[in-house]
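A look at the structure
Below are the chains, spelled out letter by letter.
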Amino acid sequence: MTDRYSPLNRIHVDAGASFTDFAGWQMPVRYSSDLAEHHAVRTAAGIFDLSHMGEIFIVGPEAADALDYALAGKLSATTVGQAKYSLLLDRTGGIIDDVVVYRTGDDRFMVVANASNREVVAAELTDRTAPFECEVFDESDELALIAVQGPRSREILVATDGFAIEGGHPDGRDVAEKLGELKYYRALPGSFRTQPVLIARTGYTGEDGFELYVSPGHAEELWNALTEAGAPLGLVPAGLASRDTLRLEAGMPLYGHELGTETFPVQAGLGRVVATATKGDFVGREAVESGPAPDARTLVGLVADGKRAARADYEVFASDDSTEAIGVVTSGALSPTLGIPIAMAYVDASFAAPDTVVSIDIRGKRLSYRVTPLPFYRAKKD
């Protein structure tokens, strides 16, 4: 397979980034250090290149009904400018992908898929929506995605010259007001130096932040302008490594770790995402209503003392001397913010209650972890 490169690749190379293969893309994993980038997002702001994500549009008079059938959530209940987290389920109730859906018009939706699942999501949506009066367009290659995350993110966008909001002042004098009014899981159309940009507020780090969808040909100009305006406010470029520890602290699941086709939504704590009570038939409904097996494992948060962190695929045991695993770690790290080991794991239901003490085999040594509610970290509200 030929490596794919972000339209911002030259900027990352010039910034001295280290790269990793991610779903066939060469993406920056870090620029300076994982810790420095993580702390910048928690205290000021980080700028991320997410251009590897998939953007699939469903357009037509029956687009809303089509997505109600194709996805687990009730997308027809959203209003223009609203976003909704949802799941693409298979017919056995497993999770093919988790997506964010933006309603960008009365009959127009944008489904944002994980990079590794872009093709399968586009194919599934095309198949599932075929009986409806709508069309599916995979426009992933026509969009770049830049995210600014952190408590100073709004200041940075306001300080960046060139933004304007659709329907607002052409010179952008009302950008600060409009961004302040933009609620979480909402988006609004705007422009950057006359080029269209969709400004969304649906971050994945546990902090306030904005996602900017722009044409690939204007991504460098936007990145450079944000970086220049944000530098005095503490903005730094941040890679995939810090994004992973940030989302883990925020208790947000990652496809391929906490989510997959062998996982029912309720096991991952996502039962609320599935709209069985408010809409009709959808793919996976019958399986979801039947539910997982009675002995199915459930996702929990785990914390420990010390500095030795459990990692993905480490086994979880009931006690230090147990020989039969009662679970497995899906994600784990030494939390940069909290300074303690944290992890998410699937464990047998009888060990899922808060404050239950379990044991994890970390490189041949058993260490005690305690079950704790998710998320591990919540940002302070203004």
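Residues numbered from 1 in each chain as written. Predicted model: local features only at pLDDT ≥ 70, side-chain atom pairs only at ≥ 80, totals over all residues. Heavy atoms only, no water.

**Quick word on the packing of aromatic side chains**
Applying the stated criterion across every chain yields a total of 4 aromatic pairs. Taken together, a centroid distance of 5.2 Å and an interplanar angle of 55° make the contact between Phe163 and Phe192 tilted. Taken as a pair, Phe163 in strand 11 (residues 163-165) and Phe192 in strand 12 (residues 187-192) lie far apart in primary sequence, 29 residues in all. Cation over ring: Arg366 sits above Phe317, and NZ or CZ is 3.7 Å from the ring centre. (Phe/Tyr/Trp six-rings, centres within 6.5 Å; stacked < 30°, edge-to-face > 60°. Helix = DSSP H or I, 4+ residues; strand = E, 2+ residues; numbered from the N terminus. Lys NZ or Arg CZ within 6 Å of the ring centre and 35° of its normal.)

**Topic: the nonpolar core**
A general feature of soluble globular proteins is that nonpolar side chains tend to end up buried together. Counting 30 residues, the largest nonpolar core has Val148, Leu157, Phe163, Ile199, Leu212, Leu222 and Leu226 as its most contacted members. No other element matches helix 7 (residues 219-230), which puts 5 residues into this core. If near-sequence neighbours (up to four positions away) are discounted, Leu212 is found in contact with Ala144, Leu145, Ile146, Leu157, Phe163, Val197, Leu198, Ile199, Leu222 and Leu226. (Core = buried A, V, L, I, M, F, W, Y, C linked by side-chain atoms within 4.5 Å. Buried < 20%, exposed > 50% of the residue type's maximum accessible area, 1.4 Å probe, protein only. Contact = heavy atoms within 4.5 Å.)

**A look at the environment of Leu334**
On the secondary structure map, Leu334 appears in strand 18 (residues 325-334). When the C-alpha atoms of Leu334 and Val303 are compared, they prove to be 9.6 Å apart, with 31 residues separating the residues in sequence. Among residues more than four places away in sequence, those in contact with Leu334 are Gly306, Lys307, Ala309, Gly339, Ile340 and Pro341.

**Structural notes on the pattern of salt bridges**
Tallied over the entire structure, the rule returns 18 salt bridges. The closest approach of N and O atoms between Arg297 and Asp348, which form a salt bridge, is 3.0 Å. Here the residue Arg297 occupies a position in the loop between helix 9 (285-290) and strand 16 (298-303), and Asp348 occupies one in the loop between strand 19 (341-347) and strand 20 (357-362), the gap between them amounting to 51 residues. Through salt bridges with shared partners, a single network forms among Arg4, Arg118, Asp138 and Asp141. (Salt bridge = Lys/Arg side-chain N within 4 Å of Asp/Glu carboxyl O.)

**Points about the side chain of Glu211**
Checked against the element boundaries, Glu211 lands in strand 14 (residues 209-214). No salt bridge is formed by the buried Glu211. Its closest oppositely charged neighbour is Arg243, at 7.9 Å. A distance of 2.8 Å separates the side chain of Glu211 from the side chain of Gln149, its partner in a polar contact. Here the side chain of Glu211 touches Thr202 through a polar contact of 2.6 Å, landing on its backbone nitrogen. Excluding residues within four positions of it along the chain, Glu211 makes contact with Tyr102, Leu145, Ile146, Ala147, Gln149, Leu198, Ile199, Ala200, Arg201, Thr202 and Gly203. (Lys, Arg positive; Asp, Glu negative; His and termini not counted. Polar contact = N/O pair within 3.5 Å; in protein donor to acceptor, adjacent residues only side chain to side chain.)

**Here we look at helix 8 (residues 240-249)**
Among the 10 residues that make up helix 8, 9 are buried, leaving the element largely enclosed by the rest of the structure. Where helix 8 is buried, its residues contact strand 2 (18-22), strand 3 (25-30), helix 2 (34-43), strand 4 (45-49), strand 18 and strand 19.

**Comments concerning the sheet that holds strand 7 (residues 95-105)**
Here we have 5 strands laid out as an open sheet, ordered 6-7-8-5-9, and antiparallel in their pairing. With partners counted over all chains shown, the strands left at the sheet margins are strand 6 (83-89) and strand 9 (135-138), one partner each. Each strand of the sheet is rotated relative to its neighbour by a mean of 30°, with strand direction disregarded. Sheet topology note: the strand 5 (residues 54-59)/strand 9 ladder contains 4 bridges and is antiparallel. Bridged to Ile58 within strand 9 is Val136. This element, helix 3 (residues 63-70), spans strand 5, strand 6, strand 7 and strand 8 (108-113) of the sheet and lies at about 30° to strand 8. (Pairing = 2+ DSSP bridges. Axes fitted to C-alpha atoms, helices over the stretch in contact; angles between N-to-C directions.)

**Considerations on helix 4 (residues 118-128)**
Where helix 4 is concerned, the buried positions are Arg118, Val121, Ala122, Leu125 and Arg128. Projected down its long axis, helix 4 shows its buried positions confined to an angular sector of 140°, all on one face. (Arc of directions from axis to C-beta.)

**A few points about the sheet that holds strand 2**
In spatial order, the strands read 1-3-2; together these 3 strands make up an open sheet with mixed pairing. With one partner strand each, in any of the chains shown, strand 1 (4-5) and strand 2 form the two edges of the open sheet. The pairing of strand 1 with strand 3 spans 2 bridges and is parallel. The residue bridging Arg4 from the neighbouring strand is Trp25, located in strand 3. In the packing of helix 8 onto the sheet, the strands contacted are strand 2 and strand 3, and the crossing angle to strand 3 comes to about 70°.

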